[in-house]
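Residues per chain, in single letters:
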Amino acid sequence: SNADAMFAAFKRSHVPYLLPYATLPEGGSQWTSQAAIFCLMQTCMPSSVVMIPYVVGSNGAHREYNRGLHMGEIYNVIADNYHDEEASFFPCHREDTEMVLKLPQFHGLIGPFETGQELNDHIPPTEFETCAPMKNRFDTWATKVIHDLKAYEA
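In what follows, the accompanying structure is described. Worth saying up front: this structure is predicted, and the values here are computed from it rather than measured. (Residues numbered from 1 in each chain as written. Predicted model: local features only at pLDDT ≥ 70, side-chain atom pairs only at ≥ 80, totals over all residues. Heavy atoms only, no water.)

## Let's talk about the packing of aromatic side chains
Turning to step 1, where the next piece is worked out: In total, this model carries 2 aromatic pairs according to the counting rule given.
Turning to step 2, where the next piece is worked out: Pairing tyrosine 17 with phenylalanine 128 gives two aromatic rings, centres 3.9 Å apart and planes at 5°, and the pair type is stacked. With a gap of 111 residues between them, tyrosine 17 in the segment before α1 (31-44) and phenylalanine 128 in the loop between α3 (116-121) and α4 (132-153) connect regions that are remote in the sequence. Judged on exposure class, the residue tyrosine 17 and its partner phenylalanine 128 are both buried.
Turning to step 3, where the next piece is worked out: Each ring, one from phenylalanine 138 and one from tryptophan 141, has its centre 5.7 Å from the other, and the planes form 55°; the classification is tilted. Highlighted residues: phenylalanine 138 and tryptophan 141, both in helix α4, separated by 3 residues, approximately one helical turn. (Phe/Tyr/Trp six-rings, centres within 6.5 Å; stacked < 30°, edge-to-face > 60°. Helix = DSSP H or I, 4+ residues; strand = E, 2+ residues; numbered from the N terminus. Buried < 20%, exposed > 50% of the residue type's maximum accessible area, 1.4 Å probe, protein only.)

Pasting the structure below:
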């Protein structure tokens, strides 16, 4: 893969369709959360990927953690966290329940850009109607976080 969640950046308007991160099974691969985010990107914003060239990063203080891409685990995490039967929302799955997960599609090298607005002008708009269940999930989560914070502060 030439994509890593370490370099992912999202428009503020896209965040409610991506958070909260998927809940992973105890001891599961932490790479699964990245695969789940890529699933949502593939489903909710398939044409919104821009590659910024010549960016390199390294984490010298990297700790040990569970790694690996285990398709069965990824399938279950996506189904458990994102599938909404009532809304007929099944990201990264076909009708035959086979998982279809691809890296976000990159549509050519563009740039450089002088401003963030100039970069935004080159990212096609996203239609979020299909992904309304993700926005509802975010709203429920955000309400709970605020409620818990108020209870903690009281």
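## Some points on the state of the cysteines
Turning to step 1, where the next piece is worked out: If you walk through the whole model with that rule in mind, you get 2 disulfides.
Turning to step 2, where the next piece is worked out: The disulfide bridge from cysteine 39 ends at cysteine 92, spanning 2.2 Å between sulfur atoms. Across the disulfide from cysteine 39 to cysteine 92, rotation about the S-S bond amounts to roughly 130°, and the bridge is consequently right-handed. One end of the pair, cysteine 39, is in helix α1; the other, cysteine 92, is in the loop between α2 (71-82) and α3, and 53 residues separate them in sequence.
Turning to step 3, where the next piece is worked out: One disulfide bridge connects cysteine 44 with cysteine 131, the sulfur atoms lying 2.0 Å from each other. Taking the sign of the S-S torsion, about -105° here, the bridge from cysteine 44 to cysteine 131 comes out left-handed. Highlighted residues: cysteine 44 in helix α1 and cysteine 131 in the loop between α3 and α4, separated in sequence by 87 residues.
Turning to step 4, where the next piece is worked out: Classification of cysteine 44 by relative accessible area gives buried; the value is 2%.
Turning to step 5, where the next piece is worked out: Across the protein chain, the way the bonded cysteines pair up, counted in sequence order, is 1-3, 2-4. (Disulfide = S-S within 2.5 Å.)

## Structural notes on the nonpolar core
Turning to step 1, where the next piece is worked out: Ranked by size, the top nonpolar core spans 21 residues in total, and within it Leu18, Met41, Cys44, Met45, Ile78, Tyr82 and Met134 carry the most contacts.
Turning to step 2, where the next piece is worked out: Broken down by secondary-structure element, the contributors of at least two residues to this core are α1 and α2.
Turning to step 3, where the next piece is worked out: For this core, the element with the highest residue contribution is α1, accounting for 8 residues.
Turning to step 4, where the next piece is worked out: In this structure tyrosine 82 touches Ala22, Ala36, Leu40, Phe89, Pro91, Met134 and Arg137, once residues within four positions along its chain are discounted. (Core = buried A, V, L, I, M, F, W, Y, C linked by side-chain atoms within 4.5 Å. Contact = heavy atoms within 4.5 Å.)

## Things to note about α2
Residues that lie three or four places apart on an α-helix share one face, since the helix turns once every 3.6 residues.
Turning to step 1, where the next piece is worked out: Along its 12 residues, α2 runs 16 Å from first to last C-alpha, staying within 8% of the 16 Å computed at 1.5 Å per residue.
Turning to step 2, where the next piece is worked out: Regarding α2, the residues found buried are Glu73, Ile74, Val77, Ile78, Asn81 and Tyr82. The arc that holds the buried residues of α2, viewed along the axis, is 130°, so those residues lie on one side.
Turning to step 3, where the next piece is worked out: In this fold, the buried residues of α2 make contact with α1 and α4. (Expected span 1.5 Å × (residues − 1). Arc of directions from axis to C-beta.)

## Focus: the pattern of salt bridges
Turning to step 1, where the next piece is worked out: For the structure on display, the rule yields 2 salt bridges.
Turning to step 2, where the next piece is worked out: Among the salt bridges present, the one from aspartate 139 reaches lysine 135, with a minimum N-O distance of 2.9 Å. Linking aspartate 139 with lysine 135, this pair stays in helix α4, spanning 4 residues, or about one helical turn.
Turning to step 3, where the next piece is worked out: Taking relative accessible area as the criterion, aspartate 139 reaches 32% and is therefore assigned partly exposed.
Turning to step 4, where the next piece is worked out: The exposure class assigned to lysine 135 is partly exposed, which follows from its relative accessible area of 28%.
Turning to step 5, where the next piece is worked out: The salt bridge involving aspartate 148 is made with lysine 144; its shortest N-O contact spans 2.6 Å. Of this pair, aspartate 148 and lysine 144 both sit in helix α4, 4 residues apart, which is roughly one turn of the helix.
Turning to step 6, where the next piece is worked out: On the basis of relative accessible area, aspartate 148 is assigned to the partly exposed category, the value being 36%. (Salt bridge = Lys/Arg side-chain N within 4 Å of Asp/Glu carboxyl O.)

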